[in-house]
Amino acid sequence: MLNVLRVHLPSDIPIVGCELTPYVLLRRPDKTVTTDDVLETAPLDGHFLRYKWYRVQNDKKVAVCSVHPSEQATLQCLGCLKGKIPVSKSYHCSPKCFSDAWQHHRALHDRAASAVNENGNEEEEVFGRFNNSGSGSINTGLSSSASSANLSNGSATVYPATVTQRNGGETWFEVGRSKTYTPSADDIGHVLKFECVVVDAETKLTVGHTNTILTSRVIPAPSPIPRQLIPVDGMGSLDMDGRITSSGTFTVLSYNILSDSYASNDLYNYCPSWALSWPYRRQNLLREIVGYRADIICLQEVQSDHYDEFFAPELDKHGYYGLYKKKTNEVYNGNINTIDGCATFFRRDRFSHVKKYEVEFNKAAQSLTDAMIPTTQKKTALNRLVKDNVALIVVLEAKVNNQPVDNPGKRQLLCVANTHVNVHQELKDVKLWQVHTLLKGLEKIAISADIPMLVCGDFNSVPGSAPHALLAMGKVDPSHPDLAVDPLNILRPHSKLVHQLPLVSAYSSFARTVGLGYEQHKRRLDSSTNEPLFTKVTRDFIGSLDYIFYTADSLVVESLLELLDEESLRKDTALPSPEWSSDHTALLAEFRCCKSISRR
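Throughout this document, residue positions are counted from 1 along each chain, in the order its sequence is written. The model is predicted, so local features are restricted to residues of pLDDT at least 70 and side-chain atom pairs to those at 80 or more, both for listing and for counting; the totals for chains, interfaces and linings are taken over all residues. Side-chain numbers come from the whole structure's heavy atoms, not from hydrogens or water.

**Observations concerning the overall build of the chain**
(1) Moving on: Helix and strand content of the chain: 14 helices and 28 strands.
(2) Moving on: By the convention used here, residues are in contact when the closest approach between their heavy atoms is within 4.5 Å. Of the contacts formed within the chain by residues at least 6 apart in sequence, a portion of 75% connects residues at least 24 apart.
(3) Moving on: Carbon and sulfur atoms provide 50% of the accessible area of the chain, an area that totals close to 26900 Å². Helical segments are the DSSP runs of H or I of at least four residues, strand segments are the runs of E of at least two, and each set is numbered from the N terminus. A 1.4 Å probe and the Shrake-Rupley method give the accessible areas. Residues count as covered only by the protein chains that appear here.

**Considering the side chain of T535**
(1) Moving on: As for its placement among the helices and strands, T535 is situated in the loop between α14 (519-522) and β23 (536-537).
(2) Moving on: Apart from residues lying up to four places away in sequence, T535 is in contact with G543, S544, L545, D546, D583, H584, T585 and L587.

**Quick word on the sheet that holds strand β18 (residues 390-398)**
(1) Moving on: Pairing between strands is defined by DSSP: at least two bridges between them are needed. The mixed open sheet is built from six strands, whose spatial order is β17-β18-β20-β21-β25-β22. The strands lining the two open edges of the sheet, one partner per strand, are β17 (351-360) and β22 (503-505). Neighbour-to-neighbour, the strand axes of this sheet turn through a mean angle of 20°, independent of strand direction.
(2) Moving on: One ladder, built from nine bridges, connects β17 with β18; its direction is antiparallel. In the strand pairing of β18, K356 is matched with V394.
(3) Moving on: Across the sheet, helix α12 (residues 466-473) lies against β21 (453-458), β22 and β25 (546-551), angled at about 25° from β25, the strand it touches most. Axis lines are fitted to C-alpha atoms, over the contacting stretch for helices. Their N-to-C directions set the angle, which ranges from 0 to 180 degrees.

**Observations regarding the confidence of the model for the chain**
Parts of the prediction with low pLDDT should not have their coordinates interpreted in detail.
(1) Moving on: pLDDT runs from 0 to 100 and stands for how confident the predictor is about each residue. Summing up the model confidence of the chain, the mean pLDDT is 84 and the portion of residues at 70 or higher is 83%.
(2) Moving on: Contacts of residues 118-138 to residues separated by more than four positions or lying in other chains number 39 contacts, the stretch itself having pLDDT below 50.

**Some details on the pairing of strand β10 (residues 191-200)**
(1) Moving on: With nine of 10 residues buried, β10 lies mostly within the body of the structure.
(2) Moving on: Pairing analysis gives 10 bridges linking strand β4 (residues 47-58) to β10, with the strands arranged antiparallel. Within β10, the residue paired with R55 across the bridge is L192.
(3) Moving on: Note: β10 against strand β11 (residues 206-217), seven bridges, orientation antiparallel. Looking at the pairing, V199 lines up with T206 of β11.
(4) Moving on: Taking the residues between adjacent antiparallel strands as the criterion, β10 and β11 are bridged by five residues, where K204 takes a positive phi near 65°. Throughout, exposure labels follow a simple rule: accessible area from a 1.4 Å probe, protein chains only, divided by the maximum for the residue type, with under 20% read as buried, over 50% as exposed, and the rest as partly exposed.

**Re the pattern of salt bridges**
(1) Moving on: Only one rule defines a salt bridge in this text: a Lys or Arg side-chain nitrogen within 4 Å of an Asp or Glu carboxyl oxygen. Applying the stated rule across the entire model yields 19 salt bridges.
(2) Moving on: Residues E19 and R282 are paired through a salt bridge, measuring 3.0 Å at the closest nitrogen-oxygen approach. In this pair, E19 is assigned in the loop between β1 (3-8) and β2 (23-27) and R282 in helix α7 (residues 278-292), connecting sequence segments 263 residues apart.
(3) Moving on: On the basis of relative accessibility, which here comes to 17%, the residue R282 falls in the buried class.
(4) Moving on: In this structure, E443 and K440 form a salt bridge, with 2.9 Å as the shortest nitrogen-oxygen distance.

**Notes on the pairing of β2**
(1) Moving on: Bridge count for β1 against β2 is five bridges, and the pairing is antiparallel. Bridge pairing links N3 to R27 in β2.
(2) Moving on: Looking at chain direction, β2 and strand β3 (residues 33-34) are connected through two bridges and run antiparallel. Within the sheet, the bridge partner assigned to L26 lies in β3 and is T34.
(3) Moving on: A loop of five residues connects β2 with β3, the two strands running antiparallel in sequence, and K31 in this loop sits at a positive phi of about 75°.

**Some thoughts on the packing of aromatic side chains**
(1) Moving on: Classification of ring pairs uses Phe, Tyr and Trp, with its six-membered ring standing for Trp, and accepts pairs whose centres are within 6.5 Å; under 30 degrees between planes counts as stacked, over 60 as edge-to-face, and the remaining range as tilted. Counting across every chain of the model gives 19 aromatic pairs.
(2) Moving on: An aromatic cluster is defined as three or more aromatic residues linked by ring pairs; in this entry it consists of Y51, W53, Y181 and F194.
(3) Moving on: The residue whose ring lies beneath K193 is Y54, and the NZ or CZ to ring-centre distance is 5.3 Å. Two conditions define a charge located above a ring, namely a distance within 6 Å from the ring centre to NZ of Lys or CZ of Arg, and an angle within 35 degrees of the ring normal.

**With respect to unusual backbone geometry**
(1) Moving on: Following R492, the chain continues into P493 via a peptide bond in cis, with omega recorded as -10°.
(2) Moving on: Structurally, P493 can be placed in the loop between α12 and β22.
(3) Moving on: In this chain, L575 is followed by P576 through a cis amide linkage whose omega measures 0°.
(4) Moving on: Examined against the element boundaries, P576 turns out to sit in the loop between β26 (555-561) and β27 (587-593).
(5) Moving on: We note that N460 has phi near 45°; this positive angle belongs to a residue other than glycine.

**Observations regarding the state of the cysteines**
(1) Moving on: Here, a disulfide means two cysteine sulfur atoms that sit within 2.5 Å of each other. Tallied over the entire structure, the rule returns zero disulfides.
(2) Moving on: Cysteine C80 shares no disulfide, and the gap to the nearest cysteine sulfur, in C77, comes to 3.8 Å.

**Considerations on the nonpolar core**
(1) Moving on: Grouped together as the largest cluster of nonpolar side chains are 64 residues, with contacts concentrated most on F250, I296, L454 and F591.
(2) Moving on: In terms of residue count, the dominant contributor to this core is α7 (six residues).
(3) Moving on: With near-sequence residues (within four places) excluded, I296 lies in contact with F250, T251, V252, L253, T344, F345, F346, F351, L396, L414 and V416.
(4) Moving on: Formed by 42 residues, the second largest nonpolar core is a distinct cluster that contains L368, I393, L471 and L488. The definition of a nonpolar core used throughout is a set of buried Ala, Val, Leu, Ile, Met, Phe, Trp, Tyr and Cys residues joined through side-chain atoms within 4.5 Å.

**Section: α7**
(1) Moving on: For α7, built from 15 residues, the straight-helix expectation of 21 Å at 1.5 Å per residue is met to within 8% by its first-to-last C-alpha distance of 21 Å.
(2) Moving on: Most of α7 sits inside the fold, with 11 of its 15 residues counted as buried.
(3) Moving on: All buried positions along α7 are accounted for by W278, Y280, R281, R282, N284, L285, L286, E288, I289, V290 and Y292.
(4) Moving on: Tucked inside the fold, the buried residues of α7 contact β13 (249-256), α6 (273-276), β14 (296-303), α8 (304-317), β26 and β27.
(5) Moving on: Of the residues flanking the end of α7, it is R293, one or two places downstream, whose phi is positive at about 55°. Take the residue count of a helix, subtract one, and multiply by 1.5 Å to get its expected span.

**Here's the deal with the packing of α7 against α8**
(1) Moving on: Remark: α7 packs on α8, axes separated minimally by 11 Å, with the N-to-C direction vectors making an angle of 35°. The crossing of α7 and α8 is right-handed. Residues W278, R282, Q283, L286, I289 and V290 of α7 pack against H306, F310, F311, E314 and L315 of α8.
(2) Moving on: Under this grouping Gly is polar, as are all residues other than the nonpolar Ala, Val, Leu, Ile, Met, Phe, Trp, Tyr, Cys and Pro and the charged Asp, Glu, Lys and Arg. Classifying every residue of the contact of α7 with α8 gives seven nonpolar, two polar and two charged. When the near helix sits turned anticlockwise from the far one by under a right angle, the crossing is termed left-handed; a clockwise turn instead gives a right-handed crossing.

Below is the structure:
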């Protein structure tokens, strides 16, 4: 007979919006052990599995801390209530929690106050008095009505009106009948119960005992303060010489999302295991990515199975078309489905796909060694150069309604390169060679069509490194220390390390803007390179590795996504975290084209 041997959840902390799929271990009638599902539509030896989910609701109302969502709240910020900030943001588990989070929390009040002041109201009238010492008005006696508002989130219950069971002060509502359940806002603060039992397919009666699991209380998905697009004083003079200027703008996002295959508990042991789990991270990443509303999205470290099963179908629902290039697998020995790669999405209503180029640095390495490396050294050379990295280059055409009205005969094309360069810090020659190889490929495209270009990705190279210098300056100084690492002599002569593309880093536009309002953004730049102080933050590393470069003769930066500071990441917290689900931060730039090309 079919027997259930074990039932458990990968994480016992359920989060709103994140699927819960229990692990069910079965013993088949032939004594073999499996985790395969046995559905009523396909019974095994006359038996199938029946699943049920319950919400266990106590009469006592429970509110959850906004900073430590696995903790019950004991106090509430009255300023949030008066300012009509979402109730869930107002809860804290202790006075210390509230005090520690004050600098971060105060930003919510500041933004709400700005919105209120625009309507002619006095800030103090709405928020009461707040000082800078880390204190605010708080309510330590949580009312049941306030907690209830948080738990219901203002929406009607979707659960059956019939109460499944009452037990003292506890009520169980049946909320699901499939193996997987996705908690909703109505579940916040409540325990969930999962039941699994073997059922006779003919009589529909249960056989044997019922296996149950109780979860922790459901917590809301933590959400960071939204990042704003900041207008910049781009290089407006670029379009003053009579070149064709389109009034339309477009936005480009570049983001290394941290592949699940790399997100190990050992490497990121400072991140709670529930926040590091893929079911949680994928929903949080999707929410963040969709929230930016970018016209073009360049993602790195996207696993091939996650692209096919999650990102492509989910972003399709939001109007995006996707293209993908998986890394090659000469080096990788694991599950081929978990190999990551680069994914580029674009809005179907803004662009159409013209052409796709795939760059496999392994193939370039083979060609290089065949041409330059003596036979006796080929194996050693390939061992150093073959690292599976790739680049995806996509040529897009703007849709007709974005064309300059005075030039209906022109096409607005755009070339977008998306890459992830080798990570190993000791292989400085390989990094530089990969970047140089990509740029030479882009130069060939530029020769064939005078076309605006974007070069996005994770270059695993800090500002001022040789790869960054090549991208930003068009050449590498022969005395650059990175050039000292070249055991294969693939970088010689150093005079070949040049390109003719007029590339500029988008985020350097912050440094070129003037005005008091930009000082806080400039403080988040490295003064020597004008790049962000960091785009990756872990316990072992903090610095910039990600960039959006653009051809400055054909594109103008209109605005940039504000950079994060250490306050935004919360004190003493590295990435990933419950709020931010990658160890990298997203970059987003808005551009305006100042060049079109004729139809060919």
